[in-house]
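Structure assessment
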Protein chains: 2
Amino acid sequence: MDGFMFEAIKQAEMALQLGEVPVGAVVVKNNNIISRAYNLKETLKDSTAHAEILAIRSASKVVKNWRLKDCSMYVTLEPCPMCAGAILQCRISRLYIGTFDPVMGACGSVVNILQNNFLNHWIDIQWLYNNECSNMLKKFFKNRR
Amino acid sequence: MDGFMFEAIKQAEMALQLGEVPVGAVVVKNNNIISRAYNLKETLKDSTAHAEILAIRSASKVVKNWRLKDCSMYVTLEPCPMCAGAILQCRISRLYIGTFDPVMGACGSVVNILQNNFLNHWIDIQWLYNNECSNMLKKFFKNRR
């Protein structure tokens, strides 16, 4: 479990090297990583190019299906509403989160899209509270100011 | 205004021809349509290939910026949480909606991502209640059963 988050952190580091907000994600099926991605919003000039969306699209290509059944995602930062909504759409069954996002977090911090009685799906969330995930973000935003 | 929704409906009809849930969207800037898209989820085997996401990505290519400043979107069906979240991310300023979605609507019907005091942005929503938008969806789901 921690090994998969470590792989997501490695992805976030790739984003950092490009000056992107450091967020990384991996999709896991049967204990194997089937896709890896990092935030490329500025590089691709595409507001939808968050790590989670890119990881989902890449995983769907691997399994040749939009349904990511029995898949988990490991992501270094709590998904925003767009990404939480994408996680609902693709039917990922469990989400492991490295650290929370007090501004846009849509898995409990600001709103909760994944565990909402009125929406159609309910996703299992595991908080890992990984220091590396929060430290790299703090450092990134400190250096930016 | 109604003319732009008519263009979005034409996009939804393209989705219908492919057997996709008929949803279409256009992005408008300075009274001109800068992108058009329709739902391609099944065709592309990509759960993120909703009309709104494809229209946003395409519009960003046109303006060469992830920020869709001073842009409006016309969409035939109320966006889901993923698409409402994408509309927040790209800074679209106004959203025109053709009909509501009682199952996954994230602009007021089930949840409201676009007008939420706790999130960082607030998007203006205009409901057009266009009969064609609701009729084509009703017909699609009736034929499917």
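About the criteria used
- Residues numbered from 1 in each chain as written.
- Chains lettered and ligands numbered in written order.
- Predicted model: local features only at pLDDT ≥ 70, side-chain atom pairs only at ≥ 80, totals over all residues.
- Heavy atoms only, no water.
- Least-squares fit on C-alpha atoms with pLDDT ≥ 70 in both.
- Contact = heavy atoms within 4.5 Å.
- Buried < 20%, exposed > 50% of the residue type's maximum accessible area, 1.4 Å probe, protein only.
- Helix = DSSP H or I, 4+ residues; strand = E, 2+ residues; numbered from the N terminus.
- Buried area = accessible area lost by both parts, 1.4 Å probe.
- Salt bridge = Lys/Arg side-chain N within 4 Å of Asp/Glu carboxyl O.
- Polar contact = N/O pair within 3.5 Å; in protein donor to acceptor, adjacent residues only side chain to side chain.
- Axes fitted to C-alpha atoms, helices over the stretch in contact; angles between N-to-C directions.
- Parallel < 35°, antiparallel > 145°, perpendicular 65-115°, else oblique.
- Left-handed = near helix turned anticlockwise from the far one by under 90°.
- Nonpolar A, V, L, I, M, F, W, Y, C, P; charged D, E, K, R; others polar.

1. A closer look at the relation of the copies chain A and chain B
Note on the copies: chain A fits chain B at an RMSD of 0.0 Å, the axial shift is 0.0 Å, and the rotation between them is 180 degrees. Between the two chains, the operation in question is that of a two-fold axis. For chain A, the minimum C-alpha distance to the rotation axis belongs to Met 82 of chain A and amounts to 2.0 Å. Most of the interface of chain A is mirrored in chain B, where 100% of its interface residues are also at the interface.

2. Regarding helix α4 (residues 81–89) of chain A
With nine of nine residues buried, α4 of chain A lies mostly within the body of the structure. Regarding α4 of chain A, the residues found buried are Pro 81, Met 82, Cys 83, Ala 84, Gly 85, Ala 86, Ile 87, Leu 88 and Gln 89 of chain A. Where α4 of chain A is buried, its residues touch α3 (51–63), β3 (71–75) and β4 (94–97) of chain A together with α2 (41–44) and α4 (81–89) of chain B. Within two residues after α4 of chain A, Arg 91 of chain A carries a phi angle of roughly 65 degrees, on the positive side.

3. Here's the deal with the interface of chain A and chain B
With 32 residues of chain A in contact, the opposing surface of chain B contributes 32 residues. In total, about 2800 Å² of surface goes out of reach between chain A and chain B, with carbon and sulfur atoms giving 66% of it. Between chain A and chain B we count two salt bridges in total. Where Arg 57 of chain B meets Asp 46 of chain A, a salt bridge forms, and the shortest distance between an N and an O atom there is 3.5 Å. Between chain A and chain B we count four residue pairs in polar contact (both at pLDDT 80 or more) in total.

4. Some thoughts on the packing of α3 of chain A against α4 of chain A
Residues and elements named next belong to chain A. One can describe the packing of α3 onto α4 by two numbers: an axis separation of 9 Å at closest approach and a directional angle of 25 degrees. The angle between α3 and α4 falls in the class roughly parallel. Remark: the crossing between α3 and α4 carries left-handed chirality. Facing Glu 52, Ile 53 and Ile 56 of α3, the residues of α4 in contact are Met 82, Cys 83, Ala 86 and Ile 87. Each residue belonging to the contact of α3 with α4 can be placed in one class, and the counts come to six nonpolar, no polar and one charged.

5. Remarks on the side chain of Thr 76 of chain B
Residue and element names in this part refer to chain B. One can find Thr 76 in the loop between β3 (71–75) and α4. We classify Thr 76 as buried; its relative accessible area is 1%. Sequence-distant contacts of Thr 76, that is, excluding residues within four places in its chain, are made with Met 5, Ala 8, Ile 9, Ala 12, Pro 22, Val 23, Gly 24, Gly 98, Thr 99 and Cys 133.

6. Here we look at the environment of Glu 7 of chain B
All names here are of chain B. Within the secondary structure, Glu 7 is located in helix α1 (residues 2–17). The spatial distance from the C-alpha of Glu 7 to the C-alpha of Val 26 is 7.2 Å, given a sequence separation of 19 residues. Not counting the four nearest positions on each side in its chain, Glu 7 is found in contact with Val 26, Ile 33 and Arg 36. A polar contact is formed between the side chain of Glu 7 and the side chain of Arg 36, at a distance of 2.7 Å.

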